[in-house]
Amino acid sequence: MKNRFAFQPRYFLFWLLFFGLGRAMFLGYQHASTAHLSLRTLLGTFGYGLRLDASAAAYVCMLPFLFFVIGSLLPRLPLQGLIRAYSAAISLVLASLITADLELYRTWGFRLDDTPLQYLNSPQEMAASAGSAPVGLLLGLLLGLLASSWWLYNKIVEPLAVLPTWFGRGRAALAGLLYVALLVVPLRGGTQQIPVNQSDVYFSHVAFANHAAMNAPWNMMSALVLRAEEQPIQPLMPDSTARRLVAGLYPRAVGAPALPDSSASILADARPNVLFIILESFTGKLVGSVGGEKGVTPNLDSLARTGVLFTNIYAAGDRSQKGLVALLSGYPNQPTTSIIKFPRKTEHLPHLCRSLAAAGYRSHYYYGGELAFANMKSYLQTAGYEQFTERADFAAADQNSKWGAHDGVLFNRMLSDLKRQPQPFFVTAFTLSSHEPFEVPMKRKFPGTTEADLFRNSVYYTDYTLGQFLQKAQKEPWYAHTLLVLVADHGHQQPHDSPNQSPEKFRIPLLLAGGALRPEVRGRVVSTIGSQTDVAATLLRQLNLPATSFAWSRDLLAPHPTSFAYYCFNNGFGTVAPAGTISFDNVNRQVWEQSSPGLAPQLQLGKAMEQVSLEDFARK
């Protein structure tokens, strides 16, 4: 007889095997793509997919585990029959979703999410979409999955042993409750700081392998939750008007012809290495060279005197994951969500790594924290980075209490690795020490314990370690042929507690430096107002590479560029232009604040940017 208290682990195991069967069926159905996977990658789809499978299993097990606790206290409750009926119903629902996903993936190329629900109001289109599906085969697979799972259920789970007479019902309920509590671990994907998401199963450069590792029902529920968080914004003007206004700034975004690129080269090398350093929270308020406080970033300010400095650049959003997409894909942010949450959408974005790889660049991404944070890994894996270095690759002693490895440790690892990095390279590094809680391993430069003081010290520390890194890097052979791109991921409300919509919160530094610059351009200052999204096209044009796929990015070094920046905050947007700044609240559809009167045309352009970019986001 099976042990009664092994029932809950056995029940959890059954659902793990159920989802494993579903993945095997998916791989078999997509046999043409599966045939191109190596055995190691094929096994990886099961190994890496286990975390999402366990999370999905934990959600499914929650109610039966509670039934088990109640059944321990109420002996007349038909516990075995209740759990069996629940399992049969859930099996039917999940098996139907898994089976539908087989053909949807073959047709659409992405795993099941909330997209099919968009057809509920148009059953004729739904029927047309399903018209070519092999209904007989799919029905057979559905019945086969149900039969196999029911056999597994009877083999692994049942029968439910009776409670021994010597074991008290209170103790039995307490033991069952312990298993309920333990479900929290697989439910969130482990004990790590960041809950499990799609990034945790992105392990391969082959997109199909990453897709196969996903759990279709989990992915659908995740999409529904994310979709529920979205707050659709009503159109602010006719579409034709919005597209006409956007065409003046980003013509490719609306399919309009663009002017030919004709910016002068600032590079001495045709194919320099590119070292792209993203500085966490480096607000312009603390960078002296762009008009901020003096003495907080002396190394960055010193480097600016030998580089090309952009003094009027604004972050596209206010979160790291939003800045990442804006910088590396040249894509605008969304005011109530972030495209990086939707791997299916980010797979359609252009990416600097992919563009440079086509030109022969080798790539590596460095981050001292967890790449699973905010779904960054799925985005970066899809981008095609060849190597990743993240938190797990650093010793625990080199990490702070929350986020990961200190920036000094990160830069030292990069310095060591770059000696062996094949050239030309595209290496991206993302710092983190200047993120809350601002813990840094050095004596405080600025006294005080306020948030602003701690933030200044953390920025100073990152700047100091950056200076140490550059001092050593300049002695390496690769540095003379390297272009440095230094830019912040977003700004910060500190110091001075800038309001959420304030343009000062979004103003950030952008600096091009390094040995690959022409001598005559060193020390140049560019005052054009621009956005994070413009960095991608500016870089690609300097490398003489096509930037046409970066429709929301423009060359800031082109002759006579339009000075304008658009940024998003929570359910609103702001714009910056020579005439002034203005912000708009989407909730009450009114101007939040403006620096001067007469900014109606600028506000209209901001509304058009929001409307057209959100339409583009919805289409992805």
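Higher on the page you've got the structure.
Residues numbered from 1 in each chain as written. Predicted model: local features only at pLDDT ≥ 70, side-chain atom pairs only at ≥ 80, totals over all residues. Heavy atoms only, no water.

Digging into the overall build of the protein chain
Here is step 1 of the chain: Each helix and strand in the protein chain was counted, giving 21 helices and 13 strands.
Here is step 2 of the chain: For 620 residues, the compact-globule formula gives about 25 Å, and the C-alpha radius of gyration of the protein chain, at 27 Å, lands near that figure.
Here is step 3 of the chain: Expressed along its principal axes, the backbone C-alpha trace of the protein chain runs to roughly 85 × 60 × 50 Å.
Here is step 4 of the chain: Excluding contacts between residues fewer than 6 apart, the proportion of contacts in the protein chain whose partners are at least 24 apart in sequence is 75%.
Here is step 5 of the chain: Entry remark: accessible area of the protein chain is about 25,300 Å², with carbon and sulfur atoms responsible for 60%.
Here is step 6 of the chain: One way to put it: in the protein chain the 52 positive side-chain charges average out to a point 5 Å from where the 42 negative ones average out. (Helix = DSSP H or I, 4+ residues; strand = E, 2+ residues; numbered from the N terminus. Rg over C-alpha atoms; globule rule 2.2 N^0.38 Å. Contact = heavy atoms within 4.5 Å. Areas by Shrake-Rupley, 256 points an atom, 1.4 Å probe, with all protein chains shown as cover. Lys, Arg positive; Asp, Glu negative; His and termini not counted. Charge placed at Lys NZ, Arg CZ, Asp CG, Glu CD.)

Here's the deal with the pattern of salt bridges
Here is step 1 of the chain: If you walk through the whole model with that rule in mind, you get 16 salt bridges.
Here is step 2 of the chain: Among the salt bridges present, the one from Arg362 reaches Glu386, with a minimum N-O distance of 3.0 Å. Taken as a pair, Arg362 in strand 3 (residues 362-367) and Glu386 in the loop between helix 16 (376-383) and strand 4 (388-389) lie far apart in primary sequence, 24 residues in all.
Here is step 3 of the chain: With relative accessibility at 37%, the residue Glu386 sits in the partly exposed group.
Here is step 4 of the chain: Salt-bridge contacts for Arg420 lead to Asp417; the nearest nitrogen and oxygen are separated by 3.2 Å.
Here is step 5 of the chain: When salt bridges with common partners are traced through the structure, they connect Glu293, Asp453 and Arg456 into a single cluster. (Salt bridge = Lys/Arg side-chain N within 4 Å of Asp/Glu carboxyl O. Buried < 20%, exposed > 50% of the residue type's maximum accessible area, 1.4 Å probe, protein only.)

A short note on a nonpolar patch on the surface
Here is step 1 of the chain: The grouping of Leu63, Leu66, Leu174 and Leu177 at the surface amounts to a nonpolar patch, some 350 Å² of accessible area in total.
Here is step 2 of the chain: Listed by contribution, the elements that provide at least two residues to the nonpolar patch are helix 3 (39-73) and helix 7 (169-182).
Here is step 3 of the chain: The topology assignment puts Leu177 in helix 7.
Here is step 4 of the chain: We classify Leu177 as partly exposed; its relative accessible area is 42%. (Patch = residues over 30% accessible without salt bridge, like charges linked within 9 Å, V, L, I, M, F, W, Y side chains within 5 Å.)

Focus on the pairing of strand 2 (residues 308-314)
Here is step 1 of the chain: When you tally the buried positions in strand 2, you get seven out of seven residues, the bulk of the element.
Here is step 2 of the chain: When strand 2 meets strand 7 (residues 507-513), the two strands line up antiparallel, connected through five bridges. Of the residues in strand 7, the one forming a bridge with Phe310 is Leu510.
Here is step 3 of the chain: Sheet topology places strand 2 next to strand 8 (residues 524-526); three bridges connect them, and they run parallel. (Pairing = 2+ DSSP bridges.)

A short note on the nonpolar core
Here is step 1 of the chain: Within the largest apolar cluster, 127 residues are counted, with the highest numbers of intra-cluster contacts made by Phe276, Leu324, Phe426 and Phe469.
Here is step 2 of the chain: Sort the elements by how many residues they give to this core and helix 18 (residues 451-473) lands first, with seven residues.
Here is step 3 of the chain: Grouped together as the second largest cluster of nonpolar side chains are 54 residues, Trp15, Leu37, Leu152 and Phe203 included. (Core = buried A, V, L, I, M, F, W, Y, C linked by side-chain atoms within 4.5 Å.)

A few points about the side chain of Asp101
Here is step 1 of the chain: Locating Asp101 in the fold gives a position in helix 4 (residues 79-108).
Here is step 2 of the chain: Residue classification places Asp101 among the buried residues on the basis of a relative accessible area of 1%.
Here is step 3 of the chain: Within the structure, Asp101 has its side chain in polar contact with the backbone nitrogen of Leu112 (distance 2.8 Å).
Here is step 4 of the chain: With residues up to four places along the chain from it excluded, the contact list for Asp101 reads Phe26, Arg111, Leu112 and Ala216. (Polar contact = N/O pair within 3.5 Å; in protein donor to acceptor, adjacent residues only side chain to side chain.)

Here we look at the sheet that holds strand 11 (residues 572-577)
Here is step 1 of the chain: Taken together, the four strands give an open sheet; going across it, the order is 10-11-12-13, and neighbouring strands pair in antiparallel fashion. Bordering the open sheet on either side are strand 10 (565-569) and strand 13 (590-594), each of which pairs with just one other strand. Averaged over all adjacent pairs, the angle separating strand axes in this sheet is 20°, with direction ignored.
Here is step 2 of the chain: Note: strand 10 against strand 11, five bridges, orientation antiparallel. (Axes fitted to C-alpha atoms, helices over the stretch in contact; angles between N-to-C directions.)

Things to note about helix 7
Here is step 1 of the chain: The end-to-end C-alpha separation of helix 7 is 20 Å, in line with the 20 Å expected for 14 residues at 1.5 Å each.
Here is step 2 of the chain: For helix 7, the set of buried residues is Ala172, Ala173, Gly176 and Val180. Seen end-on, helix 7 carries its buried residues on one side only, within an arc spanning 95°. Residues of helix 7 that are exposed and point over 90 degrees away from its buried face: Arg171, Leu174 and Leu178.
Here is step 3 of the chain: Buried residues along helix 7 sit against helix 1 (7-29), helix 3 and helix 8 (184-187). (Expected span 1.5 Å × (residues − 1). Arc of directions from axis to C-beta.)

A few points about the packing of aromatic side chains
Here is step 1 of the chain: Following the criterion strictly, the structure yields 35 aromatic pairs and no others.
Here is step 2 of the chain: Consider the rings of Phe7 and Tyr11, whose centres lie 5.9 Å apart with planes at 25°: the pair is stacked. Placement of both Phe7 and Tyr11 in helix 1 is noted, with a separation of four residues, approximately one turn of the helix.
Here is step 3 of the chain: On the basis of relative accessibility, which here comes to 3%, the residue Phe7 falls in the buried class. (Phe/Tyr/Trp six-rings, centres within 6.5 Å; stacked < 30°, edge-to-face > 60°.)

Brief notes about the packing of helix 17 (residues 407-418) against helix 18
Here is step 1 of the chain: Their axes nearest at 9 Å, the elements helix 17 and helix 18 cross at an angle of 15°. The pairing of helix 17 with helix 18 is recorded here as roughly parallel in orientation. In the crossing of helix 17 with helix 18, the sense of the turn from one axis to the other is right-handed. Of the residues in helix 18, those touching helix 17 at Asp407, Gly408, Phe411, Asn412, Met414, Leu415 and Leu418 are Tyr461, Thr462, Thr465, Leu466, Phe469, Lys472 and Ala473.
Here is step 2 of the chain: In the contact of helix 17 with helix 18, the residues fall into eight nonpolar, four polar and two charged. (Parallel < 35°, antiparallel > 145°, perpendicular 65-115°, else oblique. Left-handed = near helix turned anticlockwise from the far one by under 90°. Nonpolar A, V, L, I, M, F, W, Y, C, P; charged D, E, K, R; others polar.)

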